[in-house]
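Fold and geometry: a report
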Amino acid sequence: MLDIIGKRFWFLLISGVMVLLGIIALSVFGLKAGIEFSSGSLLTVGFEQEVELGEVKEAVADLGYSNAIVQSTGAGDFLIRLPELTDEAKTALEAGLTTKLGAFEVRGFDLVSPMIASETAHNAAIAVAVAAIGMLLYISWAFHRMPNPLRWGACAIICMLHDVVIVAGVFAVLGGIFGWQIDMMFITGVLTVIGYSVNDTIVVFDRIRENLRKGISPDFAVMVNHSLVEVLTRSIITGLGILFVLVALLLFVGASMQTLITVLLVGIYIGTYSTIGVAVPLLVVWERKEWGRLFHPARASR
Amino acid sequence: MRRTNTIILIIVLAIFAFALWAIFPLDGERFGRQGIRLGLDLQGGLHIGYQADLSSVAPGEERATLEGVMAVIENRINPLGVTEPVIQIQGDDRIMVELPGLDITDVEKERLGRVALLEFREAEVDENGEVTWIPATGTIDGQEKVLNSSYFKENTYVSTSQLGEVLLIFEWNEEGSKLSEQVTGRLIGKPLGIFEGDTPLLGDDGQPIAPVVKSQISTSGQIEGLSLQEARTLSNQLNAGRLPVPLKIIYEQSVTPMLGADFVAMSLKAGIIGLIMVMLFMIIYYRIPGVIASLALVYYAVLLLAIFKLFGVTFTLAGIGGFILSVGMAIDANVLIFERMKEELRAKRTLGAAIETGFSRAWPAIWDSNITTILAALILFWLGSSIVASAPVKGFAITLLIGVVVSMFTAVMVTRTFLRPFVGTGLARRTSLFTPYQGKENA
């Protein structure tokens, strides 16, 4: 039988390195907050004639917004991110752009004042934190017949945080290189990843719980490994199923949802991996009180 | 057992038939509701958050003032012909307005939140010849008061002169008459500026309207030079009541309906193709149970749409995230059950035993993971309501919540009920149709 748990320290080492890289990426690049979280205006325009990204950048800078961020949506539209615009300033900017680059249609306009931005960031953080605590409590309750139920909940939540840090790290790099911003689409994606990660962990924990009751092996690690192998097919099949939906979205909706799809692609696979590589190994290490050996993986796994 | 299952099967099919009837045609009307209600991000429209300046309002009167503001905004929205506008008070001093499906112009948007209080001002020229406009005041009962449109009777109307000029005709109320007599009497031969806030009222020609006073005015007057459209709007706003307090836009999101329509079409296509791919995969891998799981997925999609339509749940862009997660969980529930069935079949159980054991063994995992998700969705929905730009979080949570509940129902009721009739038929003995592995090899 495939021995996953025997290599638990290697898995934890790999995950530790990924989390570390994520944290490094976050501290080097930081996350580029979208206007929802940092306030400002976002104007989406589509020109009647073909216009280059550079031309739009230049025109916007000429009109007095040298700090504006201009991006192409891929569908021929441009996103122009500006400081908070008044109605007059917006009218003036639109008139200026028409003079320089020809007629265009305003596809969308967003404006977020600093007060709303900080409130949104604050409340979104609270919502996620409360949801995480709620899940921790429920999992601990669902596994209350197990010895140390809080450990099961804690492992699921640590695993979920592991996924979030890695996804955020990937986005820090994407932000640093391509200027991708953290917007509500990103938050939606992260919420989805959190949901999936915890869901996936619970399914595996459930099998461990069942096998523990059956008493298939006196050795916790052997029993856990047995459970993990039993549900491995399910993890792969479910992951593939979601992959199909994501690929379809990527192909047909594409550019306008690239943030969401990217978060999901990275997050769902990290989430599937981390149940096997983080949540379960961590539970075994915790149950066997092997914390001291964490730093000697090579010796420990023998 | 068999009879119970037949009854459940009939109920399940009846629900499906009802759901199908409810959603087709998708844009048709059922129970007074038309089509799926789409969020502003999908169908286009305008979402504005106003903050009211309540500094001039007496303590304890804030709520009443906000309700007054809401009523005024509602009056202003009605003529725009929006089907399902949402106007609501949020927090202590905010008003959120959602106008779905509307391609609103900047001018219309500005009119929505304008105070519509005209103030009359006189020109004061200093020694350098520079003009400043100061409020024109009169005295009533020893109190100095500014002449403004709050003294208009609510019967202003628009007319045209013989020369074709647009006139906004107004009448002063009692106090206004006294003030007007004093002000116009003093300013004969001099200009009288008309301001809205600190901006001069502009005429059709883009120039400030500042008529020269020809004679003393006491009962009624007229404002010349506005465009017809502007005169009509202003007249309506002066009559239907001005806003009691100034508003400031703190949040705004507008999407053109065209962009939204493209998006819906693309998402629908992606959703259908994604589901078909999942179905093919399930059928190839799981054989007959895969076919049943595919039927369950179709059932799931139809029931979800029906619930969205019948209850008027708003589907947003973020809802797509919730949808994917709930589809994932629907797939997962089936996979869990089938994997368990596979184990049972490998252990040489009969199909009937494998189905029942498969379900009862998979159930705790399905239950725990779904309940955790429902819990998280409820918390997000509840806390999401306090966020001004909350549409995404709420949209995600509500779609996930409904999706998970429906997926639990379909995975268990539909899949199991459809699988049971195979028990005892000739097919049931051919294990290879029910599991990707030959039963023998693993025995």
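These numbers were taken from a predicted model, which means no experiment stands behind them.

1. Examining the overall build of chain A
Each helix and strand counted, chain A has ten helices and four strands in total. Reading chain A from its N end, one meets helices and strands in the order α-α-β-α-β-β-α-β-α-α-α-α-α-α. When its C-alpha atoms are laid out on the principal axes, chain A stretches across 80 × 35 × 35 Å. Across the 302 residues that make up chain A, the buried fraction comes to 47%. Put simply, of all contacts in chain A between residues at least 6 apart along the chain, 79% involve residues at least 24 apart.

2. What to know about the overall build of chain B
Helix and strand counts for chain B come out as eleven helices and 17 strands. By the compact-globule yardstick of 22 Å for 443 residues, chain B is too spread out, its C-alpha radius of gyration being 33 Å. Based on the C-alpha atoms only, the size of chain B along its principal axes is roughly 110 × 45 × 40 Å. Across the 443 residues that make up chain B, the buried fraction comes to 42%. A separation threshold of at least 6 residues defines the contact pool for chain B, and within that pool the share at least 24 residues apart is 70%.

3. Some words on the domain arrangement of chain A
According to the domain assignment, chain A contains domain 1 (5-34 + 116-300) and domain 2 (40-112). For domain 1 of chain A and domain 2 of chain A, the distance between their C-alpha centres works out to 39 Å.

4. Section: the interface of chain A and chain B
At the junction of the two partners, chain A supplies 56 residues and chain B supplies 56 residues. Those elements that provide at least two residues to the side of chain A that touches chain B are α4 (87-101), β4 (104-112), α5 (114-142), α7 (184-214), α8 (220-252) and α9 (258-287) of chain A. Here the side of chain A that touches chain B is composed, by residue class, of 32 nonpolar, 15 polar and nine charged. Pairing of β4 of chain A with strand β16 (residues 247-255) of chain B involves five bridges; the strand directions are antiparallel. Counterpart to Asp110 of chain A in the pairing with β16 of chain B is Gln253 of chain B.

5. Brief notes about the nonpolar core
In terms of nonpolar packing, the biggest core is built from 198 residues, with Ala156 and Val245 of chain A together with Leu297, Tyr300 and Leu380 of chain B touching the most fellow members. In terms of residue count, the dominant contributor to this core is helix α9 (residues 317-346) of chain B (17 residues). Apart from residues lying up to four places away in sequence, Ala156 of chain A is in contact with Ile139, Val198, Thr201, Ile202 and Ala279 of chain A.

6. What about the confidence of the model for chain A?
Put simply, chain A has an average pLDDT of 86, and 95% of its residues get 70 or more. The secondary structure element of chain A with the lowest average pLDDT is helix α10 (residues 297-300) of chain A, at 50, and the one with the highest is helix α1 (residues 8-29) of chain A, at 93.

7. Some remarks on the packing of α8 of chain A against α9 of chain A
The packing of two helices is summarised by the inter-axis angle and the distance between the axes. All names here are of chain A. Relative to each other, α8 and α9 sit at 175°, their axes nearing to 10 Å. Between α8 and α9, the angle is such that the two are roughly antiparallel. From α8, Phe220, Ala221, Val224, Leu228, Ser235, Gly239, Ile242, Leu246, Leu249 and Leu250 reach across to α9, where they touch Ile261, Leu264, Leu265, Ile268, Tyr269, Thr272, Thr275, Ile276, Val280, Val284 and Glu287. Partitioned by chemical class, the residues of the contact of α8 with α9 number 16 nonpolar, four polar and one charged.

8. Structural notes on the sheet that holds strand β13 (residues 192-196) of chain B
Residues and elements named next belong to chain B. Within the open sheet, the four strands sit side by side as β8-β7-β13-β14. Their pairing is antiparallel. Where the open sheet ends on each side, the last strands, each with one partner, are β8 (131-135) and β14 (199-200). Of the strand pairs in this sheet, β13 and β14 are connected by two bridges, and their pairing is antiparallel. Each residue of the ladder has a partner; that of Glu196, found in β14, is Thr199.

9. Topic: helix α3 (residues 62-77) of chain B
A turn of α-helix holds 3.6 residues, and therefore any two residues three or four places apart point the same way. Residues and elements named next belong to chain B. Taking 1.5 Å of rise per residue, the 16 residues of α3 would be expected to cover 22 Å, and the 22 Å separating its terminal C-alpha atoms lies within 8% of that figure. Those residues of α3 not exposed but buried are Leu66, Val69, Val72, Ile73 and Arg76. Looking straight down α3, one finds its buried side chains confined to an arc of 120°; they lie on one side. The exposed set on the far side of α3, more than 90 degrees from its buried face, consists of Arg63, Ala64 and Glu67. On its buried face, α3 is in contact with β4 (45-52), β5 (86-90), β6 (94-100), α4 (106-113) and α6 (228-239).

10. Points about the sheet that holds β4 of chain A
Reading across from one edge, β2(A)-β3(A)-β1(A)-β4(A)-β16(B)-β4(B)-β6(B)-β5(B) is the order of the eight strands in this open sheet, with antiparallel pairing throughout. Strand pairing shows two members of the sheet lacking a second neighbour, β2 (69-72) of chain A together with β5 of chain B, which therefore form its edges. With direction set aside, neighbouring strand axes in the sheet form an average angle of 20°. Across the face of the sheet, α5 of chain A comes into contact with β4 of chain A together with β4 and β16 of chain B while running at roughly 65° to β16 of chain B. Along the sheet, α3 of chain B makes contact with β4, β5 and β6 of chain B, crossing β6 of chain B at roughly 20°.

11. A closer look at the environment of Phe143 of chain A
All names here are of chain A. Tracing the backbone shows Phe143 in the loop between α5 and α6 (149-178). Overall, Phe143 belongs to the buried group, with 23 C-beta atoms counted inside 10 Å. Note: C-alpha distance between Phe143 and Asn211 (68 residues apart in sequence) is 13 Å.

12. Notes on the confidence of the model for chain B
Parts of the model with low pLDDT should not have their predicted coordinates read in detail. All names here are of chain B. Scored by pLDDT, chain B has a mean of 82; 93% of the residues are at 70 or more. Across chain B, helix α8 (residues 288-310) holds the top mean pLDDT of 89, while strand β2 (residues 33-34) sits lowest at 66. Under a pLDDT of 50 for its full length, residues 439-443 has, in the predicted model, eight contacts with residues more than four places off or in other chains. For this predicted complex, the interface score ipTM comes out at 0.82, while the overall pTM is 0.79.

13. Some words on the environment of Ala296 of chain B
Looking at where Ala296 of chain B falls in the secondary structure, it is placed in helix α8. Between the alpha carbons of Ala296 of chain B and Thr399 of chain B there is a distance of 18 Å; along the sequence they are 103 residues apart.

14. Looking at the packing of α7 of chain A against helix α10 (residues 351-384) of chain B
At a closest axis distance of 8 Å, the pairing of α7 of chain A and α10 of chain B adopts a crossing angle of 155°. By the criterion of interaxial angle, the relationship of α7 of chain A to α10 of chain B is roughly antiparallel. Two packed elements cross with a definite hand, and for α7 of chain A against α10 of chain B that hand is right-handed. The residues of α10 of chain B that touch α7 of chain A, namely those facing Leu191, Gly195, Val198, Asn199, Ile202, Val203, Asp206 and Arg207 of chain A, are Pro364, Ala365, Asp368, Ser369, Thr372, Thr373, Ala376 and Leu380 of chain B.

15. So, the pairing of β16 of chain B
All names here are of chain B. Judged by how many residues are buried, β16 sits mostly within the fold: seven of nine residues are covered. Judged from the eight bridges that link them, β4 and β16 form a sheet pairing that is antiparallel. Opposite Gly49, over in β16, you have Tyr251 as the bridge partner.

16. Considerations on the environment of Gln90 of chain B
Residues and elements named next belong to chain B. If you trace the backbone, Gln90 turns up in strand β5. Look at Gln90 and you get partly exposed, because 17 C-beta atoms sit within 10 Å. Sequence-wise, Gln90 and Leu66 are 24 residues apart; in three dimensions their C-alpha atoms are separated by 9.9 Å.

17. Describing the pairing of strand β1 (residues 40-47) of chain A
Consecutive side chains along a regular strand alternate between the two faces of the sheet. Residues and elements named next belong to chain A. Here β1 lies mainly inside the structure; six of its eight residues are buried. Bridge count between β1 and strand β3 (residues 77-82): six bridges; the pairing is antiparallel. Residue pairing for β3: Leu43 is matched across the bridge by Ile80.

18. Examining unusual backbone geometry
Residues and elements named next belong to chain A. Residues other than glycine seldom take positive phi values, yet Asn148 does so here, at roughly 55°. Inspection of the secondary structure puts Asn148 in the loop between α5 and α6. Judged by the 13 C-beta atoms lying within 10 Å of it, Asn148 is partly exposed.

The rules behind these values
- Residues numbered from 1 in each chain as written.
- Chains lettered and ligands numbered in written order.
- Predicted model: local features only at pLDDT ≥ 70, side-chain atom pairs only at ≥ 80, totals over all residues.
- Helix = DSSP H or I, 4+ residues; strand = E, 2+ residues; numbered from the N terminus.
- Buried ≥ 20, exposed ≤ 12 C-beta atoms within 10 Å, placed from the backbone.
- Contact = placed C-beta atoms within 7 Å.
- Rg over C-alpha atoms; globule rule 2.2 N^0.38 Å.
- Domains from an automatic or database assignment.
- Nonpolar A, V, L, I, M, F, W, Y, C, P; charged D, E, K, R; others polar.
- Pairing = 2+ DSSP bridges.
- Core = buried A, V, L, I, M, F, W, Y, C linked by C-beta atoms within 7 Å.
- pLDDT = per-residue confidence, 0-100.
- Axes fitted to C-alpha atoms, helices over the stretch in contact; angles between N-to-C directions.
- Parallel < 35°, antiparallel > 145°, perpendicular 65-115°, else oblique.
- Expected span 1.5 Å × (residues − 1).
- Arc of directions from axis to C-beta.
- Left-handed = near helix turned anticlockwise from the far one by under 90°.

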